[in-house]
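# Chain and residue survey
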Amino acid sequence: MTAKSMMPYVEGNSAIRAMFEEGARLAAMYGKENVYDFSLGNPSVPAPPEVNQSIMDILNTEDPLLVHGYNQSNSGYEDVRQTVAEHLNKLHGTAFTAKNIVMTVGAASGLNVAIKTLVDPGDEILAFAPYFVEYGNYAANHGAVLRAVPADTVTFQPNLEAMADMISAKTRAVIINSPNNPTGVVYSAETLRNLAKLLGEKQAEFGTDIYIISDEPYRELAYDGVDVPYVTKFYNNTVVGYSWSKSLSLPGERIGYLVFPSEMADFENAIQAANIANRVLGYVNAPTLIQRVVARCIDCSADVDAYDRNRKALYNGLVDAGYECTYPEGAFYLFVKSPMDDDVAFCAKAKEHNILIVPGKSFACPGFVRIAYCVSYDTIVNSIPAFKELMEEIKNE
Ligand code: PLP
């Protein structure tokens, strides 16, 4: 018999599958171009050509035993980790070396490795609503409890006042995510300074270590030159999780890394524990060919301008149609106030207009909806009349 603990996931999964199937059914009925599927955060911009070129160059020039073999260290190739460290140092003025980097199977495995490394069963992890829905599952994988800090629905910056009362001796980590999925908000330096100050005070009060796990798959997707501050510069007990899924449009390749700064508490044990966590969780090491590819493409980035164009067209179109939207500074999501009290009912109504969007309830933030604008520009432009009709219909009810 299937484990009882998995059955809630199985039931939840059929809702996601139903959404996929509904999208396919609508596309078959009305034509793909008349269905506005904004449900998934799957990049719509292809990986830069340097990625394919590097794959070919590596296959043609590097030792196949190295390219396809187990890594000597479960943390990944030493030369790749050193390249990542030097890249970060150049960008952020940090002083990392290969010793601070663990290559991971995307951000998802990085978060699991970070939690396994730092959090014991029964400990608590805080996350600011709205947050990426998988955080709760990742915490549960390690017997930890994820607690949602209520959203500041005006700024969508972390609600530090609400968090202060939720921290206890059991709090082992706080997961943050900037640029944020689902709001597109970038956490300011001031927010990070205040967060660091609060956590520092709470560590002293409880005599514990409280880690920030900074989940940053959208770091390079920031617009208008907005600064995305580097969290290790604000707080020593920070682990940064990065992935090339979005920045180089490589989500299927499963490649990312964790940064453990030498200044963090118990660094020597933590970095060894992370190396072992990569192994015992069954990842063993990040995919080898693609580790070598990202090292060669370390200075490349995806076409952020395409997302920026979508962002402006969608935001302006929806505001013009009467929707209240948070202006996104990064990532490729727009978080919109649901014009109906019930965001789930609103998403169902949107579907009647061939618009597929995700309720805020899925991000612990009911009353809002997420629109993933990593779609073609045409989809954005063609969807605006449908969004207008939807708003008119709601107003006339
Ligand atoms: N964290 C956030 C906030 C995400 O939005 C995603 C994917 O959408 C992930 C983590 C997982 O990223 P990866 O594909 O690199 O595992």
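Predicted, not measured: the structure shown is a model, and the values here were computed from it.

This brings us to a nonpolar patch on the surface. Together, Met-6, Met-7, Tyr-9 and Val-10 line one region of the surface with nonpolar side chains, adding up to about 320 Å² of accessible area. Tracing the backbone shows Val-10 in helix H1 (residues 7-30). Residue class for Val-10 comes out partly exposed when judged on its relative accessible area of 42%.

Residue placement: Met-6 occurs in the segment before H1. The class for Met-6 is partly exposed, based on a relative accessible area of 41%. Residues Met-6 and Ala-148, 142 residues apart in the sequence, show an inter-C-alpha distance of 22 Å.

Bringing the pattern of salt bridges into the picture now. A full pass over the atoms with the stated rule returns 18 salt bridges. Residue Arg-292 pairs with Asp-79 through a salt bridge whose shortest N-O separation is 2.6 Å. One end of the pair, Arg-292, is in helix H10 (residues 288-296); the other, Asp-79, is in helix H4 (residues 78-92), and 213 residues separate them in sequence. Exposure remark for Asp-79: the relative accessible area of 38% places this residue in the partly exposed category. The residue Glu-268 makes a salt bridge to Lys-99 at a minimum N-O spacing of 2.9 Å. With a gap of 169 residues between them, Glu-268 in helix H9 (residues 267-280) and Lys-99 in the loop between H4 and strand E2 (101-104) connect regions that are remote in the sequence. The class of Glu-268 is partly exposed, set by a relative accessible area of 43%. The network of salt bridges with common partners includes Glu-62, Asp-79, Arg-292 and Arg-296.

Scoring rules and cut-offs
- Residues numbered from 1 in each chain as written.
- Predicted model: local features only at pLDDT ≥ 70, side-chain atom pairs only at ≥ 80, totals over all residues.
- Heavy atoms only, no water.
- Patch = residues over 30% accessible without salt bridge, like charges linked within 9 Å, V, L, I, M, F, W, Y side chains within 5 Å.
- Areas by Shrake-Rupley, 256 points an atom, 1.4 Å probe, with all protein chains shown as cover.
- Salt bridge = Lys/Arg side-chain N within 4 Å of Asp/Glu carboxyl O.
- Helix = DSSP H or I, 4+ residues; strand = E, 2+ residues; numbered from the N terminus.
- Buried < 20%, exposed > 50% of the residue type's maximum accessible area, 1.4 Å probe, protein only.

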